[in-house]
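The residues making up each chain are set out below.
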Protein chains: 2
Amino acid sequence: MAEESPINKLLAFIKTRVNLTEDDVRLIDDSFEPVLFPKNRIIEEQEVVPKYIYYIISGYLRLFHYNDHGDEITSHINCPPGFITSYSSFINQKKSTENLESITESELLRITKKNLDRLTLKSTAMKDFSISIFQQSIEYNENRSKELATLTAEQRYRKLMVNFPDILHNVPVAYIASFLGMKPESLSRIRRKVAN
Amino acid sequence: MAEESPINKLLAFIKTRVNLTEDDVRLIDDSFEPVLFPKNRIIEEQEVVPKYIYYIISGYLRLFHYNDHGDEITSHINCPPGFITSYSSFINQKKSTENLESITESELLRITKKNLDRLTLKSTAMKDFSISIFQQSIEYNENRSKELATLTAEQRYRKLMVNFPDILHNVPVAYIASFLGMKPESLSRIRRKVAN
DNA sequence: GTTTATACTTGACTTTTGTTAGTTAATACT
DNA sequence: AGTATTAACTAACAAAAGTCAAGTATAAAC
(Lines give C-alpha, C1' and ligand atoms only; values in the text may rest on other atoms or scores of the structure.)
Protein backbone atom coordinates (compact mmCIF):
# COMPACT_ATOMS: atom_id res chain seq x y z
CA MET A 1 0.00 0.00 0.00
CA ALA A 2 1.26 3.41 -1.01
CA GLU A 3 2.58 5.76 1.67
CA GLU A 4 0.89 9.16 1.89
CA SER A 5 3.99 11.12 0.87
CA PRO A 6 3.58 14.33 -1.16
CA ILE A 7 4.61 12.55 -4.35
CA ASN A 8 2.11 9.74 -3.71
CA LYS A 9 -0.63 12.31 -3.22
CA LEU A 10 0.29 13.92 -6.54
CA LEU A 11 0.38 10.52 -8.26
CA ALA A 12 -3.04 9.68 -6.87
CA PHE A 13 -4.38 12.98 -8.22
CA ILE A 14 -2.88 12.39 -11.67
CA LYS A 15 -4.29 8.83 -11.73
CA THR A 16 -7.82 10.19 -11.33
CA ARG A 17 -7.40 11.54 -14.88
CA VAL A 18 -4.90 9.38 -16.78
CA ASN A 19 -3.27 5.97 -16.49
CA LEU A 20 0.41 5.94 -15.54
CA THR A 21 3.09 3.39 -16.44
CA GLU A 22 5.94 2.60 -14.04
CA ASP A 23 8.20 4.72 -16.26
CA ASP A 24 5.77 7.62 -15.94
CA VAL A 25 5.81 7.30 -12.16
CA ARG A 26 9.61 7.33 -12.08
CA LEU A 27 9.74 10.38 -14.36
CA ILE A 28 7.22 12.26 -12.23
CA ASP A 29 9.10 11.35 -9.08
CA ASP A 30 12.29 12.76 -10.59
CA SER A 31 10.66 15.95 -11.90
CA PHE A 32 8.79 17.38 -8.90
CA GLU A 33 10.52 18.91 -5.92
CA PRO A 34 8.87 19.17 -2.49
CA VAL A 35 9.01 22.58 -0.80
CA LEU A 36 7.55 24.04 2.38
CA PHE A 37 6.68 27.71 2.82
CA PRO A 38 5.63 29.51 6.01
CA LYS A 39 2.50 31.64 5.92
CA ASN A 40 2.48 35.01 4.13
CA ARG A 41 5.51 34.22 1.98
CA ILE A 42 5.83 35.66 -1.56
CA ILE A 43 6.66 32.57 -3.65
CA GLU A 44 6.66 34.09 -7.15
CA GLU A 45 6.90 37.82 -7.73
CA GLN A 46 5.23 40.11 -10.25
CA GLU A 47 7.45 41.52 -13.02
CA VAL A 48 9.38 38.24 -12.92
CA VAL A 49 8.94 35.14 -15.12
CA PRO A 50 7.23 32.44 -12.99
CA LYS A 51 9.76 29.71 -12.40
CA TYR A 52 7.48 26.90 -11.25
CA ILE A 53 4.00 25.54 -11.34
CA TYR A 54 2.99 24.23 -7.89
CA TYR A 55 0.88 21.28 -6.84
CA ILE A 56 -0.71 22.00 -3.46
CA ILE A 57 -0.30 19.24 -0.86
CA SER A 58 -1.53 21.40 2.01
CA GLY A 59 -2.23 25.07 2.66
CA TYR A 60 -3.99 28.01 1.06
CA LEU A 61 -2.38 30.29 -1.53
CA ARG A 62 -3.39 33.28 -3.60
CA LEU A 63 -2.44 35.30 -6.66
CA PHE A 64 -2.62 39.07 -6.25
CA HIS A 65 -1.46 42.33 -7.79
CA TYR A 66 -1.59 46.02 -6.94
CA ASN A 67 -4.08 48.30 -8.68
CA ASP A 68 -3.53 51.98 -9.59
CA HIS A 69 -4.30 53.06 -6.01
CA GLY A 70 -1.81 50.60 -4.52
CA ASP A 71 -4.54 48.34 -3.17
CA GLU A 72 -4.05 44.57 -3.32
CA ILE A 73 -6.37 42.74 -5.75
CA THR A 74 -6.67 39.00 -5.12
CA SER A 75 -7.39 37.33 -8.47
CA HIS A 76 -7.18 33.71 -7.38
CA ILE A 77 -7.26 31.56 -4.24
CA ASN A 78 -6.52 27.85 -4.19
CA CYS A 79 -6.10 24.87 -1.86
CA PRO A 80 -5.63 21.08 -2.26
CA PRO A 81 -6.08 19.27 -4.50
CA GLY A 82 -4.88 21.34 -7.43
CA PHE A 83 -2.16 23.36 -9.07
CA ILE A 84 -1.42 27.04 -8.80
CA THR A 85 0.64 29.46 -10.88
CA SER A 86 0.10 32.51 -13.01
CA TYR A 87 -0.96 30.22 -15.86
CA SER A 88 -0.65 32.38 -18.95
CA SER A 89 2.70 33.81 -17.79
CA PHE A 90 4.03 30.38 -16.83
CA ILE A 91 3.08 28.77 -20.15
CA ASN A 92 4.59 31.58 -22.21
CA GLN A 93 7.47 32.09 -19.75
CA LYS A 94 6.92 35.81 -19.72
CA LYS A 95 6.84 38.31 -16.86
CA SER A 96 3.90 37.83 -14.53
CA THR A 97 1.58 40.61 -13.43
CA GLU A 98 0.74 38.62 -10.29
CA ASN A 99 2.39 37.69 -7.01
CA LEU A 100 1.96 34.14 -5.73
CA GLU A 101 1.75 34.13 -1.94
CA SER A 102 1.16 31.51 0.73
CA ILE A 103 -1.75 32.46 2.98
CA THR A 104 -1.18 29.62 5.44
CA GLU A 105 1.87 27.39 5.81
CA SER A 106 1.97 25.41 2.56
CA GLU A 107 3.43 22.09 1.47
CA LEU A 108 3.96 22.14 -2.29
CA LEU A 109 5.44 20.12 -5.12
CA ARG A 110 6.99 22.30 -7.79
CA ILE A 111 8.24 21.75 -11.33
CA THR A 112 9.95 24.14 -13.75
CA LYS A 113 8.59 24.85 -17.24
CA LYS A 114 11.67 23.17 -18.73
CA ASN A 115 11.17 19.98 -16.73
CA LEU A 116 7.43 19.98 -17.43
CA ASP A 117 8.16 20.19 -21.16
CA ARG A 118 10.67 17.37 -20.83
CA LEU A 119 8.18 15.31 -18.84
CA THR A 120 5.34 15.80 -21.35
CA LEU A 121 7.67 14.88 -24.22
CA LYS A 122 8.72 11.62 -22.57
CA SER A 123 5.27 10.65 -21.25
CA THR A 124 2.15 10.80 -23.37
CA ALA A 125 0.06 10.26 -20.25
CA MET A 126 1.60 13.35 -18.68
CA LYS A 127 1.08 15.30 -21.88
CA ASP A 128 -2.64 14.44 -21.70
CA PHE A 129 -2.69 15.29 -18.02
CA SER A 130 -0.92 18.60 -18.58
CA ILE A 131 -3.32 19.56 -21.34
CA SER A 132 -6.26 18.68 -19.09
CA ILE A 133 -4.92 20.99 -16.37
CA PHE A 134 -4.68 23.92 -18.76
CA GLN A 135 -8.08 23.13 -20.25
CA GLN A 136 -9.47 23.16 -16.74
CA SER A 137 -7.93 26.60 -16.26
CA ILE A 138 -9.77 27.81 -19.39
CA GLU A 139 -13.05 26.39 -18.10
CA TYR A 140 -12.45 27.87 -14.66
CA ASN A 141 -11.92 31.38 -16.01
CA GLU A 142 -14.84 31.16 -18.44
CA ASN A 143 -17.03 30.21 -15.50
CA ARG A 144 -15.57 32.87 -13.22
CA SER A 145 -16.22 35.56 -15.86
CA LYS A 146 -19.79 34.34 -16.24
CA GLU A 147 -20.41 34.44 -12.48
CA LEU A 148 -18.90 37.91 -12.07
CA ALA A 149 -20.99 39.20 -14.98
CA THR A 150 -24.32 37.70 -13.96
CA LEU A 151 -24.45 37.05 -10.19
CA THR A 152 -24.92 39.52 -7.35
CA ALA A 153 -22.27 39.84 -4.64
CA GLU A 154 -24.41 37.73 -2.30
CA GLN A 155 -24.90 34.97 -4.88
CA ARG A 156 -21.16 34.86 -5.55
CA TYR A 157 -20.47 34.56 -1.82
CA ARG A 158 -23.02 31.79 -1.40
CA LYS A 159 -21.52 29.80 -4.30
CA LEU A 160 -18.04 30.13 -2.80
CA MET A 161 -19.30 28.84 0.55
CA VAL A 162 -20.89 25.82 -1.12
CA ASN A 163 -17.75 24.98 -3.08
CA PHE A 164 -15.15 25.90 -0.42
CA PRO A 165 -16.84 25.79 2.99
CA ASP A 166 -13.48 25.76 4.82
CA ILE A 167 -12.10 28.87 3.16
CA LEU A 168 -13.34 31.24 5.89
CA HIS A 169 -11.32 29.47 8.58
CA ASN A 170 -8.12 29.78 6.57
CA VAL A 171 -8.26 32.91 4.45
CA PRO A 172 -8.67 36.54 5.62
CA VAL A 173 -12.07 37.93 4.60
CA ALA A 174 -10.34 40.88 2.94
CA TYR A 175 -8.76 38.47 0.43
CA ILE A 176 -12.06 36.68 -0.12
CA ALA A 177 -13.89 39.98 -0.67
CA SER A 178 -11.33 41.10 -3.24
CA PHE A 179 -11.49 37.72 -4.98
CA LEU A 180 -15.29 37.98 -5.16
CA GLY A 181 -15.06 41.50 -6.60
CA MET A 182 -16.47 43.42 -3.64
CA LYS A 183 -15.33 45.54 -0.68
CA PRO A 184 -14.63 43.93 2.73
CA GLU A 185 -17.43 46.02 4.25
CA SER A 186 -19.89 44.60 1.71
CA LEU A 187 -18.79 41.05 2.43
CA SER A 188 -19.17 41.70 6.14
CA ARG A 189 -22.76 42.84 5.64
CA ILE A 190 -23.55 39.88 3.39
CA ARG A 191 -22.07 37.46 5.92
CA ARG A 192 -24.21 38.83 8.71
CA LYS A 193 -27.31 38.61 6.51
CA VAL A 194 -26.58 35.06 5.30
CA ALA A 195 -25.79 33.81 8.83
CA ASN A 196 -29.33 34.61 10.01
CA MET B 1 1.23 39.42 -54.80
CA ALA B 2 -1.30 37.47 -52.74
CA GLU B 3 -4.96 37.87 -53.51
CA GLU B 4 -7.19 38.94 -50.61
CA SER B 5 -9.17 35.70 -50.50
CA PRO B 6 -10.44 34.38 -47.14
CA ILE B 7 -7.65 31.80 -47.01
CA ASN B 8 -5.01 34.43 -47.75
CA LYS B 9 -6.37 36.57 -44.94
CA LEU B 10 -6.12 33.62 -42.57
CA LEU B 11 -2.59 32.82 -43.78
CA ALA B 12 -1.56 36.44 -43.22
CA PHE B 13 -2.96 36.26 -39.68
CA ILE B 14 -1.13 33.00 -38.92
CA LYS B 15 2.12 34.44 -40.33
CA THR B 16 2.01 37.27 -37.79
CA ARG B 17 2.73 34.58 -35.19
CA VAL B 18 4.62 31.69 -36.81
CA ASN B 19 6.58 30.99 -39.99
CA LEU B 20 4.89 28.74 -42.54
CA THR B 21 6.48 26.41 -45.08
CA GLU B 22 4.87 25.78 -48.47
CA ASP B 23 3.67 22.43 -47.16
CA ASP B 24 2.05 24.17 -44.19
CA VAL B 25 0.25 26.55 -46.54
CA ARG B 26 -1.05 23.67 -48.64
CA LEU B 27 -2.27 21.80 -45.54
CA ILE B 28 -4.04 24.86 -44.18
CA ASP B 29 -5.64 25.51 -47.55
CA ASP B 30 -6.98 21.93 -47.57
CA SER B 31 -8.21 22.02 -43.97
CA PHE B 32 -10.32 25.17 -43.75
CA GLU B 33 -13.68 25.54 -45.41
CA PRO B 34 -15.19 28.94 -46.28
CA VAL B 35 -18.78 29.52 -45.18
CA LEU B 36 -21.15 32.48 -45.27
CA PHE B 37 -23.96 33.05 -42.76
CA PRO B 38 -26.74 35.64 -42.86
CA LYS B 39 -27.32 37.77 -39.77
CA ASN B 40 -28.97 36.26 -36.67
CA ARG B 41 -28.18 32.68 -37.60
CA ILE B 42 -27.49 30.05 -34.90
CA ILE B 43 -24.26 28.44 -36.10
CA GLU B 44 -23.56 26.09 -33.19
CA GLU B 45 -26.19 25.13 -30.66
CA GLN B 46 -26.07 24.59 -26.91
CA GLU B 47 -26.40 20.98 -25.69
CA VAL B 48 -24.53 19.90 -28.84
CA VAL B 49 -20.80 19.21 -29.29
CA PRO B 50 -19.30 22.18 -31.22
CA LYS B 51 -18.33 20.86 -34.63
CA TYR B 52 -16.02 23.67 -35.80
CA ILE B 53 -13.76 26.47 -34.69
CA TYR B 54 -14.28 29.53 -36.91
CA TYR B 55 -11.87 32.15 -38.17
CA ILE B 56 -13.73 35.42 -38.74
CA ILE B 57 -13.13 37.02 -42.15
CA SER B 58 -15.94 39.54 -41.76
CA GLY B 59 -18.90 40.10 -39.45
CA TYR B 60 -19.75 40.13 -35.76
CA LEU B 61 -20.64 37.01 -33.77
CA ARG B 62 -21.53 36.16 -30.19
CA LEU B 63 -21.76 33.29 -27.74
CA PHE B 64 -24.84 33.28 -25.54
CA HIS B 65 -26.92 31.07 -23.28
CA TYR B 66 -30.19 31.30 -21.38
CA ASN B 67 -30.21 31.87 -17.63
CA ASP B 68 -32.75 30.50 -15.12
CA HIS B 69 -35.26 33.19 -16.06
CA GLY B 70 -34.97 32.46 -19.78
CA ASP B 71 -33.05 35.68 -20.46
CA GLU B 72 -30.21 35.61 -22.98
CA ILE B 73 -26.74 36.08 -21.49
CA THR B 74 -24.07 37.11 -24.00
CA SER B 75 -20.73 35.77 -22.77
CA HIS B 76 -18.57 36.67 -25.75
CA ILE B 77 -18.58 38.95 -28.81
CA ASN B 78 -15.96 38.80 -31.54
CA CYS B 79 -15.05 40.28 -34.94
CA PRO B 80 -12.03 40.05 -37.31
CA PRO B 81 -9.30 39.21 -36.94
CA GLY B 82 -9.71 36.21 -34.66
CA PHE B 83 -11.29 32.86 -33.96
CA ILE B 84 -14.54 32.06 -32.22
CA THR B 85 -15.96 28.91 -30.67
CA SER B 86 -17.00 27.66 -27.26
CA TYR B 87 -13.33 26.94 -26.51
CA SER B 88 -13.45 24.51 -23.61
CA SER B 89 -16.27 22.50 -25.19
CA PHE B 90 -14.59 22.46 -28.60
CA ILE B 91 -11.24 21.27 -27.21
CA ASN B 92 -12.81 18.52 -25.15
CA GLN B 93 -15.47 17.78 -27.77
CA LYS B 94 -18.18 17.83 -25.18
CA LYS B 95 -21.64 19.41 -25.19
CA SER B 96 -21.55 23.18 -25.19
CA THR B 97 -23.55 25.35 -22.82
CA GLU B 98 -23.41 28.20 -25.36
CA ASN B 99 -25.01 29.07 -28.69
CA LEU B 100 -22.81 30.60 -31.38
CA GLU B 101 -24.77 33.14 -33.41
CA SER B 102 -23.97 35.55 -36.22
CA ILE B 103 -24.98 39.10 -35.30
CA THR B 104 -24.28 40.53 -38.77
CA GLU B 105 -23.75 38.65 -42.02
CA SER B 106 -20.50 36.75 -41.47
CA GLU B 107 -17.82 35.30 -43.72
CA LEU B 108 -15.99 32.54 -41.87
CA LEU B 109 -13.39 29.83 -42.33
CA ARG B 110 -14.15 26.72 -40.31
CA ILE B 111 -12.22 23.59 -39.36
CA THR B 112 -13.33 20.49 -37.43
CA LYS B 113 -11.57 19.28 -34.28
CA LYS B 114 -10.45 16.16 -36.17
CA ASN B 115 -8.89 18.15 -39.00
CA LEU B 116 -7.31 20.59 -36.58
CA ASP B 117 -5.68 17.68 -34.75
CA ARG B 118 -4.49 16.26 -38.06
CA LEU B 119 -3.15 19.66 -39.08
CA THR B 120 -1.26 20.21 -35.83
CA LEU B 121 0.24 16.73 -36.06
CA LYS B 122 1.55 17.31 -39.58
CA SER B 123 2.72 20.88 -39.06
CA THR B 124 4.77 21.97 -36.06
CA ALA B 125 4.19 25.60 -37.02
CA MET B 126 0.44 25.04 -36.83
CA LYS B 127 0.83 23.23 -33.53
CA ASP B 128 2.62 26.31 -32.14
CA PHE B 129 -0.02 28.56 -33.65
CA SER B 130 -2.85 26.48 -32.24
CA ILE B 131 -1.33 26.52 -28.78
CA SER B 132 -0.90 30.29 -29.00
CA ILE B 133 -4.60 30.69 -29.83
CA PHE B 134 -5.64 28.70 -26.78
CA GLN B 135 -3.10 30.49 -24.59
CA GLN B 136 -4.59 33.75 -25.79
CA SER B 137 -7.99 32.48 -24.77
CA ILE B 138 -6.66 31.81 -21.24
CA GLU B 139 -5.19 35.32 -21.06
CA TYR B 140 -8.39 36.82 -22.41
CA ASN B 141 -10.55 35.18 -19.76
CA GLU B 142 -8.11 35.96 -16.93
CA ASN B 143 -8.25 39.59 -17.99
CA ARG B 144 -12.02 39.59 -18.41
CA SER B 145 -12.46 38.16 -14.90
CA LYS B 146 -10.14 40.84 -13.51
CA GLU B 147 -12.05 43.63 -15.23
CA LEU B 148 -15.45 42.34 -14.12
CA ALA B 149 -14.20 42.00 -10.54
CA THR B 150 -12.50 45.38 -10.24
CA LEU B 151 -13.99 47.90 -12.69
CA THR B 152 -17.29 49.74 -12.48
CA ALA B 153 -19.88 49.36 -15.24
CA GLU B 154 -18.82 52.71 -16.70
CA GLN B 155 -15.12 51.79 -16.72
CA ARG B 156 -15.89 48.50 -18.45
CA TYR B 157 -17.90 50.34 -21.11
CA ARG B 158 -15.13 52.90 -21.68
CA LYS B 159 -12.54 50.14 -22.11
CA LEU B 160 -14.72 48.34 -24.64
CA MET B 161 -15.13 51.55 -26.62
CA VAL B 162 -11.36 52.08 -26.70
CA ASN B 163 -10.69 48.51 -27.83
CA PHE B 164 -13.67 48.05 -30.17
CA PRO B 165 -14.87 51.50 -31.24
CA ASP B 166 -16.93 50.06 -34.12
CA ILE B 167 -18.90 47.61 -32.01
CA LEU B 168 -21.82 50.00 -31.40
CA HIS B 169 -22.53 50.34 -35.11
CA ASN B 170 -22.74 46.57 -35.52
CA VAL B 171 -23.99 45.01 -32.30
CA PRO B 172 -27.31 45.66 -30.47
CA VAL B 173 -26.72 47.48 -27.19
CA ALA B 174 -28.68 44.80 -25.35
CA TYR B 175 -25.98 42.27 -26.31
CA ILE B 176 -23.21 44.68 -25.34
CA ALA B 177 -24.84 45.38 -21.96
CA SER B 178 -25.17 41.67 -21.21
CA PHE B 179 -21.57 41.06 -22.25
CA LEU B 180 -20.44 43.86 -19.92
CA GLY B 181 -22.45 42.40 -17.05
CA MET B 182 -25.08 45.12 -16.74
CA LYS B 183 -28.67 45.86 -17.72
CA PRO B 184 -29.50 47.65 -21.00
CA GLU B 185 -31.00 50.55 -19.02
CA SER B 186 -27.72 51.01 -17.16
CA LEU B 187 -25.73 51.00 -20.37
CA SER B 188 -28.14 53.55 -21.82
CA ARG B 189 -27.55 55.86 -18.84
CA ILE B 190 -23.80 55.40 -19.04
CA ARG B 191 -23.76 56.10 -22.77
CA ARG B 192 -25.63 59.36 -22.31
CA LYS B 193 -23.28 60.39 -19.51
CA VAL B 194 -20.11 59.46 -21.42
CA ALA B 195 -21.30 61.22 -24.62
CA ASN B 196 -21.46 64.61 -22.83
C1' DG C 1 -0.25 39.44 30.70
C1' DT C 2 -0.41 43.93 28.93
C1' DT C 3 0.11 46.69 25.08
C1' DT C 4 0.10 47.51 20.14
C1' DA C 5 -1.14 46.68 15.82
C1' DT C 6 -4.17 44.62 12.59
C1' DA C 7 -8.42 42.57 11.02
C1' DC C 8 -13.09 42.71 11.05
C1' DT C 9 -17.52 44.76 11.92
C1' DT C 10 -20.98 48.34 12.22
C1' DG C 11 -23.69 52.45 11.14
C1' DA C 12 -24.83 56.61 8.47
C1' DC C 13 -24.59 58.25 4.11
C1' DT C 14 -23.51 58.46 -1.10
C1' DT C 15 -23.19 56.48 -5.43
C1' DT C 16 -24.12 53.02 -8.58
C1' DT C 17 -26.98 49.75 -10.62
C1' DG C 18 -31.48 47.35 -11.05
C1' DT C 19 -36.60 47.64 -11.69
C1' DT C 20 -40.77 49.04 -13.62
C1' DA C 21 -43.37 51.42 -16.72
C1' DG C 22 -44.02 54.53 -20.18
C1' DT C 23 -42.20 56.94 -24.48
C1' DT C 24 -39.67 57.40 -28.62
C1' DA C 25 -36.98 55.51 -32.37
C1' DA C 26 -35.85 52.05 -35.54
C1' DT C 27 -36.92 48.04 -38.21
C1' DA C 28 -39.81 44.62 -40.47
C1' DC C 29 -44.02 43.38 -42.83
C1' DT C 30 -47.79 43.68 -46.01
C1' DA D 1 -46.44 54.27 -47.42
C1' DG D 2 -48.53 52.72 -43.32
C1' DT D 3 -48.84 49.56 -39.66
C1' DA D 4 -46.97 46.25 -36.49
C1' DT D 5 -43.16 44.83 -33.94
C1' DT D 6 -39.06 45.24 -31.66
C1' DA D 7 -35.17 47.92 -29.82
C1' DA D 8 -33.53 51.74 -27.34
C1' DC D 9 -34.13 55.54 -24.28
C1' DT D 10 -36.00 58.04 -20.23
C1' DA D 11 -37.68 58.99 -15.64
C1' DA D 12 -38.95 57.82 -10.90
C1' DC D 13 -38.11 54.79 -7.52
C1' DA D 14 -35.90 50.58 -5.04
C1' DA D 15 -32.13 47.86 -4.01
C1' DA D 16 -27.33 46.87 -3.93
C1' DA D 17 -22.75 48.09 -3.24
C1' DG D 18 -19.18 51.67 -2.10
C1' DT D 19 -17.33 55.24 1.15
C1' DC D 20 -16.06 57.15 5.39
C1' DA D 21 -15.56 57.06 10.13
C1' DA D 22 -16.10 55.01 13.96
C1' DG D 23 -15.99 50.88 17.08
C1' DT D 24 -14.85 45.98 18.62
C1' DA D 25 -12.50 41.75 18.34
C1' DT D 26 -8.44 39.21 17.32
C1' DA D 27 -3.82 38.35 16.89
C1' DA D 28 1.06 39.88 17.33
C1' DA D 29 4.81 41.98 19.95
C1' DC D 30 7.13 42.95 24.01
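Residues numbered from 1 in each chain as written. Chains lettered and ligands numbered in written order. Predicted model: local features only at pLDDT ≥ 70, side-chain atom pairs only at ≥ 80, totals over all residues. Heavy atoms only, no water.

S.K.: Please set out the pairing of strand S8 (residues 106-112) of chain B residue by residue, giving values where relevant.
M.R.: Residue and element names in this part refer to chain B. Burial of S8 is extensive: 6 of the 7 residues sit out of reach of the surface. Across 5 bridges, the pairing between strand S1 (residues 33-37) and S8 is antiparallel. The residue bridging Pro-34 from the neighbouring strand is Leu-109, located in S8. Of the pairings in the sheet, the one linking strand S3 (residues 52-58) to S8 comprises 6 bridges and is antiparallel in character. The residue of S8 that forms the bridge with Ser-58 is Glu-107. (Buried < 20%, exposed > 50% of the residue type's maximum accessible area, 1.4 Å probe, protein only. Helix = DSSP H or I, 4+ residues; strand = E, 2+ residues; numbered from the N terminus. Pairing = 2+ DSSP bridges.)

S.K.: So what's going on with the sheet that holds strand S5 (residues 72-78) of chain A? Residues and values would help.
M.R.: All names here are of chain A. Strand order across the open sheet formed by 4 strands is S2-S7-S4-S5, with antiparallel pairing between neighbours. Each edge of the open sheet carries a strand with a single partner, namely strand S2 (42-44) and S5. For this sheet, the mean inter-axis angle between neighbouring strands, taken without regard to orientation, is 35°. Sheet topology note: the strand S4 (residues 61-66)/S5 ladder contains 6 bridges and is antiparallel. Each residue of the ladder has a partner; that of His-65, found in S5, is Ile-73. (Axes fitted to C-alpha atoms, helices over the stretch in contact; angles between N-to-C directions.)

S.K.: Quick rundown of the protein's contact with DNA strand D? Include the residues and the values.
M.R.: Around DNA strand D, 17 residues are found, and the nearest of them are Ala-153, Ser-186 and Arg-189 of chain A together with Val-173 and Arg-191 of chain B. The sugar and phosphate moieties of DNA strand D supply 66% of its atoms located within 4 Å of the protein. A distance of 3.0 Å separates a base oxygen of DNA strand D from a polar side-chain atom of Arg-189 of chain A. Elements that contribute at least two residues to the surface near DNA strand D include exactly helix H9 (184-195) of chain A together with helix H8 (173-179) and helix H9 (184-195) of chain B. Along the lines of polarity and charge, the residues of the surface near DNA strand D split into 5 nonpolar, 4 polar and 8 charged. (Near = heavy atom within 4 Å. Polar contact = N/O pair within 3.5 Å; in protein donor to acceptor, adjacent residues only side chain to side chain. Nonpolar A, V, L, I, M, F, W, Y, C, P; charged D, E, K, R; others polar.)

S.K.: Provide a residue-level description of the interface of chain B and chain A, including the pertinent values.
M.R.: Residue-level contacts link 22 residues of chain B with 22 residues of chain A. Buried area between chain B and chain A, summed over both chains or domains, comes out near 2000 Å², and the portion from carbon and sulfur atoms is 56%. Applying the counting rule to chain B against chain A returns 5 residue pairs in polar contact (both at pLDDT 80 or more). For the side of chain B that touches chain A, the secondary-structure elements that each account for two or more residues are helix H3 (87-92) and helix H5 (124-150) of chain B. The dominant element in the side of chain B that touches chain A, judged by the number of residues it contributes, is H5 of chain B, at 13 residues. Residue composition of the side of chain B that touches chain A, grouped by class: 7 nonpolar, 9 polar and 6 charged. (Contact = heavy atoms within 4.5 Å. Buried area = accessible area lost by both parts, 1.4 Å probe.)

Shape is all these values report; function is a separate question.
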